[in-house]
Amino acid sequence: MKNYQYLTSGILESYLLGLVSEDEKQEVERLAATDPEIQAQLQELELDIERHFLENAVPPPPALKYTILEQINKTEIKKWGTEKDDQSKQKDSDKSSDKPNYIDVEVDDTHIRVHKYWRPAFIAVFVLSKIFLILGLYYYFKSSSLEQEINRLKATTEQAAPTLPKQTQ
Amino acid sequence: MAYGIILQIIPDPNLAQQALVSLFASPQIEQCLASPSNSPACAIIRLARAKALDVNRVSSSAIGAVFPEQSHVEDGNMGKYIFDLSFNQGYELPAIAERLKISYVDAMKSMRDYFKYLRRP
C-alpha cells in the first residue's frame, strides 16, 4: 500500500526529469536500491520518457556536429594540458629557457586528420618514386649489358692482338 | 533528442545551438554516461535541460521575472502547465505549488497525470 502510494505520487517521474530536491533524489535512489518494485517502475518510466522525447526529437543542423567535435577536441587538449601542467611544471621551468613552449597532445585513437592537399601530394610522390625506380632499373640493366659488351669486345681484342704481330712478320 | 529538449526551453535556434555545443563539450556528460546507475537517455535529458536553463538564465534572466497567472489555466491542462513551468522554465515544484495554491503532493501528481496522458498510444 505504501509502495503504491509512493509509485503513484509522481516523485519517480520528477526524479527522472531532475525536478526533485537533493533530499528527495537521495531517498528515491535509496529506495530503488532496496525495493525491486520501485526499481522496475523506474526502468519502465525511463523507457517511456526516452520514447516521448525521441518522438519529439528535433535534429540539429548537420554542420553543428563539426562545431561540437571541434569544441570537444579543444576541451580535451585544455583538460589534458591542465592535468599535465602541475606534473611537468618543474621540468618545464628547467627547459623553458632553451626550448619553445609546445603543448603535448595525447591522442587515443589511431587515426590522424591531415589537410586535403596531402592526398595529391602523396600520389605525386608515389608516382615519381615508381618512375625513378623504373628508370633506375632500366639504366642499371643497360649499363650492365654495356659492361658485358665491353668485356666481350675486350676479350675479342685480346684474343686478336697476339696474332697480329705474327701476321705482320 | 537533446536539441529538441533545448529548443523547448530556448526557442532561439542560435542560443539553442550554443547550448547544445556547450552540453556536449561539458565534462558532466562524460560523468553521467559513465555512471552505471542512470540510464544514458535520462541523463542526457536532465543535462540538456540544465544547460538550456543556464543559457536562458544568462541570456534573458527569465527565471523569477514573470510567473504566469493561474487564472489562464484550465483544470485539464494543469499537468501540462506545471510540467512547462517546472521542466521548461526551471521553477521549483514547491514554488509552483505555492503560487498555484495547491499542495506539493498535488503538483507532483499533476505531473504524473500529464505523463500518463503522454504515454497513451
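Residues numbered from 1 in each chain as written. Chains lettered and ligands numbered in written order. Predicted model: local features only at pLDDT ≥ 70, side-chain atom pairs only at ≥ 80, totals over all residues. Heavy atoms only, no water.

Further remarks concern the pattern of salt bridges. Applying the stated rule across the entire model yields four salt bridges over all chains. A salt bridge links B:Arg112 to A:Glu13; its shortest N-O distance comes to 3.6 Å. Remark: A:Glu13 occurs in helix α2 (residues 11-16) and B:Arg112 occurs in helix α7 (residues 104-119); the pair is interchain, linking two chains. Each member of the pair B:Arg112 and A:Glu13 is classed as buried. A salt bridge links A:Glu149 to A:Arg152; the nearest nitrogen and oxygen atoms lie 2.5 Å apart. Of this pair, A:Glu149 and A:Arg152 both sit in helix α6 (residues 118-160), three residues apart, which is roughly one turn of the helix. Relative accessible area serves as the criterion here: at 35%, A:Glu149 is assigned to the partly exposed category. (Salt bridge = Lys/Arg side-chain N within 4 Å of Asp/Glu carboxyl O. Helix = DSSP H or I, 4+ residues; strand = E, 2+ residues; numbered from the N terminus. Buried < 20%, exposed > 50% of the residue type's maximum accessible area, 1.4 Å probe, protein only.)

Right, let's get into the nonpolar core. Core analysis: the biggest nonpolar cluster contains 54 residues, and A:Leu12, A:Leu17 and B:Ile6 have the highest contact counts within it. For this core, the element with the most residues is helix α4 (residues 40-60) of chain B, which contributes eight residues. (Core = buried A, V, L, I, M, F, W, Y, C linked by side-chain atoms within 4.5 Å.)

With that settled, consider the UniProt feature "transmembrane region" (unreviewed entry) in chain A. The UniProt record annotates "transmembrane region" (unreviewed entry) at residues 121-141 of chain A. The straight-line gap between the two end C-alpha atoms of residues 121-141 of chain A is 30 Å; of that span, 100% is helix and 0% is strand. (UniProt positions renumbered as here; feature names shortened; annotations may be inferred.)

All right, on to the interface of chain B and chain A then. Across the boundary between the two partners, chain B contributes 32 residues, which contact 36 residues of chain A. Between chain B and chain A the total buried area reaches about 3,000 Å² when both faces are included, carbon and sulfur atoms providing 68% of it. Along the contact surface separating chain B from chain A lie one salt bridge. Applying the counting criterion to the chain B and chain A interface returns three residue pairs in polar contact (both at pLDDT 80 or more). At the level of secondary structure, the elements contributing two or more residues to the side of chain B that touches chain A comprise α1 (2-9), α2 (13-25), α4, α5 (78-88) and α7 of chain B. A total of nine residues in the side of chain B that touches chain A trace back to one element, the largest contributor, which is α7(B). Partitioned by chemical class, the residues of the side of chain B that touches chain A number 20 nonpolar, six polar and six charged. (Contact = heavy atoms within 4.5 Å. Buried area = accessible area lost by both parts, 1.4 Å probe. Polar contact = N/O pair within 3.5 Å; in protein donor to acceptor, adjacent residues only side chain to side chain. Nonpolar A, V, L, I, M, F, W, Y, C, P; charged D, E, K, R; others polar.)

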